[in-house]
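# Residue-level structural notes
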Amino acid sequence: MITFIEEFGLVWGGFLATLSLTAVSGAIALVWGTVLAAFRVSPIGPLRTFGALYVEIVRNTPLTLMFFFWVFVAPSVGFVFPDLGFWPAVVSLSLYTSSFVCEALRSGVNSVGIGQAEASRSVGMTFSQTLMRVVLPQAWRSAIPPLISVLIALTKNTSVAAGFAFTELVAVSQRLANRYPGDVIEVIVGIGLMYLLITIPLGLLASQVEKRVAFAR
Amino acid sequence: MSSQASVLYDIPGPKAKRRDVVYNIVFTAFFVSLLAYIIYAFNQRGIFDDRWSVLWDPPKGQTAADVWHALLVRGLGATMLATVIAAPLALALGGALSVLRRGLRNRLGSASATVVTEIFRGLPVLLMMVLARFGFGWSGLWSVVFGLVVYNMAVVAEILRAGLAALPAGQREAGLSVGLSTMRTTVLIEMPQAVRIMLPALVSQLVVLLKDSSLGYIIAYSELLRQIRTMREYFGDRYTIPVFLVGATVYILINILVSRLAIWLEGRMRSSGNVAKADEGEPPMPEGGAEAARLTATHGRGPGDLPRT
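Since this is a predicted model, take the numbers as computed values, not measurements.

### A closer look at the packing of aromatic side chains
What the rule picks out here adds up to 24 aromatic pairs over all chains. Plain terms: the ring middles of Trp32(A) and Tyr54(A) are 5.8 Å apart, the flat faces sit at 85 degrees to each other, and that makes the pair edge-to-face. Here the residue Trp32(A) occupies a position in helix α2 (residues 8–41), and Tyr54(A) occupies one in helix α3 (residues 45–59), the gap between them amounting to 22 residues. Taking the relative accessible area as the measure of exposure, Tyr54(A) reaches 14% and is therefore buried. Ring plane angle 40 degrees and centroid distance 5.7 Å describe the contact between Phe69(A) and Phe244(B), whose orientation is recorded as tilted. Taken as a pair, Phe69(A) in helix α4 (residues 63–73) and Phe244(B) in helix α11 (residues 240–271) lie in two separate chains rather than in one. By relative accessible area, which is 28% here, Phe69(A) ends up partly exposed. Each residue in the set Phe67(A), Phe68(A), Phe69(A), Trp70(A), Phe72(A), Phe164(A), Tyr217(B) and Phe244(B) is aromatic and connected to the rest through ring pairs, giving one cluster. The side chain of Arg226(B) reaches across the aromatic face of Tyr217(B), ending 5.0 Å from its centre.

If you want it as structure tokens, here you go:
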């Protein structure tokens, strides 16, 4: 445990990097995923097709492949990031996560009672009014537990950035493993604890919210 | 989805139909012109020059057979090898974990199964691979397998737990009342039904497992993505795009096929009547496998699904 405590400054830096990567790409994924979900239930055919295609392709792409694309392939078609590391990671993670946000929201929309949409239509609301004022506020609520677990998965997925020049927790563990070959297991256990520090409270929060939502229903 | 979505808006009248036609044309034109612009921009940068010949007539004295052999036999082969070893292990260990959690009368035993599930579910797969690679000093293949097994075992245990929770309580009561022990009730009565209910989620989890095998790239296991990287370094930067596209297509096609299998299984299951149905009031299904979201979406029921990415 000595090594881990001695190098805690480095670990803490990695922890903050993981947190900020999660926060920034989570926020972007949430917005873009909501837009995609609106596309997928909209009355306009091309938007539905676009949403369905996007989700089907992105969800079946390995995240590592997504990173590889933005780091090695995009520059050769003229899409160069100002700095390697943070921003390619944000773009890859948000594009990837948004497809799961979209699916979580869409199943939330499906869980809203049909009567709600029918009622709002029958008082003359348009599609966007129905969606914005009646369905989505309720869909959000039942989508929160799945959205939290998307966020948990995102936290763990930020580790892929370690392979693409961004120093977060796993990259720190690799660096420490090189520096102290004798203490690798202890270092990795410590890093694992840092991850659990984020994921376990989020998991508890999800099941708490789920209980409450199930009750309200 | 379509039946549900159509609830959100009225059946279009003559005015709305005209408006929809306009929208359709506008958005189709938008997407088509976007695509056209991308192709144009690619063309400007010379993407469509002779670099594609790497797929049939590669430079540096290599033959097309070499390229395809490296991609599909060595690369995809290594990806598949890791998947094929890891998947059965993860299923078996996950099954064992959920049986222990449900069937052990010993509180300590079932609690430790819970703790193992919770911990390994909350750790990144990559960290487990790094542990095996640098901590235990294992080879690339076995490090990848270790990471995949440890994580997916926890997820499978969680999926099966959701399946067990979804069974009618009478199943367990019946087993106990004819004198089976809790362990035997779990293994003989509940498990076979839980596996059946959760089969689509378990198959979807295979997609996640296959996708995660590409993390081997980071710990230098020469799977498909690593081969693409190697080829990029060997042939040079400008040959990246063709090789990458081949690799991406392979990954996406395989994953879509497996996902389709899950959807097909689910449809088949719902049409057959022999599956124990859950009681009214949806049971919670915390962090059910990969695309449990789809399960709920197509069943059109409660908020229980938690997709893992």
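### Focus on the pattern of salt bridges
For the coordinates displayed, the defined rule picks out 12 salt bridges over all chains. Of the charged contacts, one joins Glu56(A) and Arg260(B) as a salt bridge, the two residues approaching to 2.9 Å between their closest N and O atoms. In this pair, Glu56(A) sits in helix α3 while Arg260(B) sits in helix α11, so the two residues belong to two different chains. Taking relative accessible area as the criterion, Glu56(A) reaches 17% and is therefore assigned buried. What makes Arg260(B) partly exposed here is its relative accessible area of 45%. Salt-bridge contacts for Glu233(B) lead to Arg229(B); the nearest nitrogen and oxygen are separated by 2.8 Å. With Glu233(B) and Arg229(B) both in helix α10 (residues 224–235) and four residues apart, the pair spans about one turn of that helix.

### Regarding the side chain of Thr186(B)
Residue placement: Thr186(B) occurs in helix α8 (residues 182–197). You can call Thr186(B) buried: its relative accessible area is 0%.

### Looking at the confidence of the model for chain A
In the predicted model, chain A carries a mean pLDDT of 86, and 98% of its residues have values of at least 70. By mean pLDDT, helix α1 (residues 2–6) of chain A is the weakest element of chain A at 76, and α2(A) is the strongest at 91.

### Details of the side chain of Arg229(B)
Residue classification places Arg229(B) among the buried residues on the basis of a relative accessible area of 18%. In this view, Arg229(B) contacts Phe68(A), Phe72(A) and Tyr217(B); residues no more than four positions away in its chain are not counted.

Rules used throughout
Residues numbered from 1 in each chain as written. Chains lettered and ligands numbered in written order. Predicted model: local features only at pLDDT ≥ 70, side-chain atom pairs only at ≥ 80, totals over all residues. Heavy atoms only, no water. Phe/Tyr/Trp six-rings, centres within 6.5 Å; stacked < 30°, edge-to-face > 60°. Helix = DSSP H or I, 4+ residues; strand = E, 2+ residues; numbered from the N terminus. Buried < 20%, exposed > 50% of the residue type's maximum accessible area, 1.4 Å probe, protein only. Lys NZ or Arg CZ within 6 Å of the ring centre and 35° of its normal. Salt bridge = Lys/Arg side-chain N within 4 Å of Asp/Glu carboxyl O. pLDDT = per-residue confidence, 0-100. Contact = heavy atoms within 4.5 Å.

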